[in-house]
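Understanding the architecture of this molecule
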Amino acid sequence: MSIVDSIKKAWVPIHSAGYPFILIFAGITFLLGLISVHLNWVGLILTAWCAYFFRDPERVTPIDDSKIFSPADGRISFIGLVDPPAEFDFDPKIKLLRVSVFMNVFNVHVNRSPIRGTISKIHYVKGLFLNADLDKASEHNERNLLQIKNDKIEIGVVQIAGLIARRILCWSKENQDIAAGERFGLIRFGSRLDVFVDPNKAEALVLLGQTAIAGETPLFKIK
């Protein structure tokens, strides 16, 4: 294998949403370089981290309608029954099974659909920027909610901004068909994704502390 082929194989694409930030970091690095060599190195490291943060690797999602896959890379931080968020169109009397995936600043932050289906609802809520690892972040933080349904199940997915995150991106639309593993959004600089299902229709397959990979790790098995 040639050096060029090796570089192409190792290269991880950068999501277009990251280009403005990478340019800003690079510009600041240039200015720091005019002041000090040491500050220039700090800027270079931060610019490299910014490019790394916005990486968007390809993922291979299994064709399996019996599984609900992780919408994000990160650590499983919560598994349990909870009241459904009021913004969802679920029966408020029925508790839902929630699995949370916490993303730190080194995880890939591109979000992917857990199932194939149709996006029946998208609802954005302004809020605070508490640590996304805290359970109260589900109710108080900035968040974006999506309901996705197919012929087997309907699920809820929530993008939750974190302590450092200041912008949730969601480029998908209501009534749009989406494939399992298809990119639907991104959260900048640390955050969390929650997935809600009816416990009578699906069971969790993951454990607390487990590492999940977006579009590849199954979170639930449909009964």
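Sequence positions are assigned chain by chain, starting from 1 and proceeding in written order. Given that this is a predicted model, residues contribute local features only at a pLDDT of at least 70 and side-chain atom pairs are listed and counted only at 80 or more, while totals for whole chains, interfaces and linings are drawn from all residues. Processing note: side-chain calculations cover all non-hydrogen atoms of the structure and skip hydrogens and water entirely.

1. What to know about the environment of Phe189
Secondary structure elements are taken from DSSP: a helix is a run of H or I of four residues or more, a strand is a run of E of two residues or more, and numbering for both begins at the N terminus. With respect to the helices and strands, Phe189 occurs in the loop between strand 10 (183–187) and strand 11 (191–197). By relative accessible area, Phe189 is classed as buried at 13%. Between the alpha carbons of Phe189 and Ile168 there is a distance of 9.8 Å; along the sequence they are 21 residues apart. A simple rule labels every residue: compare its accessible area, found with a 1.4 Å probe on the protein chains alone, to the largest value its type can have, and call it buried under 20%, exposed over 50%, or partly exposed in between.

2. Side note on the pattern of salt bridges
Salt bridges are defined as contacts in which a side-chain nitrogen from Lys or Arg sits within 4 Å of a carboxyl oxygen from Asp or Glu. Tallied over the full model, the rule gives 12 salt bridges. Between Arg112 and Asp56 there is a salt bridge, with its nearest N and O atoms 3.9 Å apart. Taken as a pair, Arg112 in strand 4 (residues 110–112) and Asp56 in the loop between helix 3 (37–53) and strand 1 (67–69) lie far apart in primary sequence, 56 residues in all. Classification of Arg112 as buried rests on a relative accessible area of 4%. Given a relative accessible area of 9%, Asp56 falls into the buried group. Among the ionic pairs, Arg116 bridges to Asp65, the shortest N-O distance being 2.8 Å. You can see Arg116 sitting in the loop between strand 4 and strand 5 (117–125) and its partner Asp65 sitting in the loop between helix 3 and strand 1, a full 51 residues away along the chain. Residue Arg116 is classed as partly exposed on the basis of its relative accessible area of 31%. Classification of Asp65 as partly exposed rests on a relative accessible area of 31%. Each of Asp56, Glu58, Arg112 and Arg183 takes part in salt bridges that share partners, so that together they form one network.

Bear in mind that shape data such as this cannot, by itself, settle questions of function.
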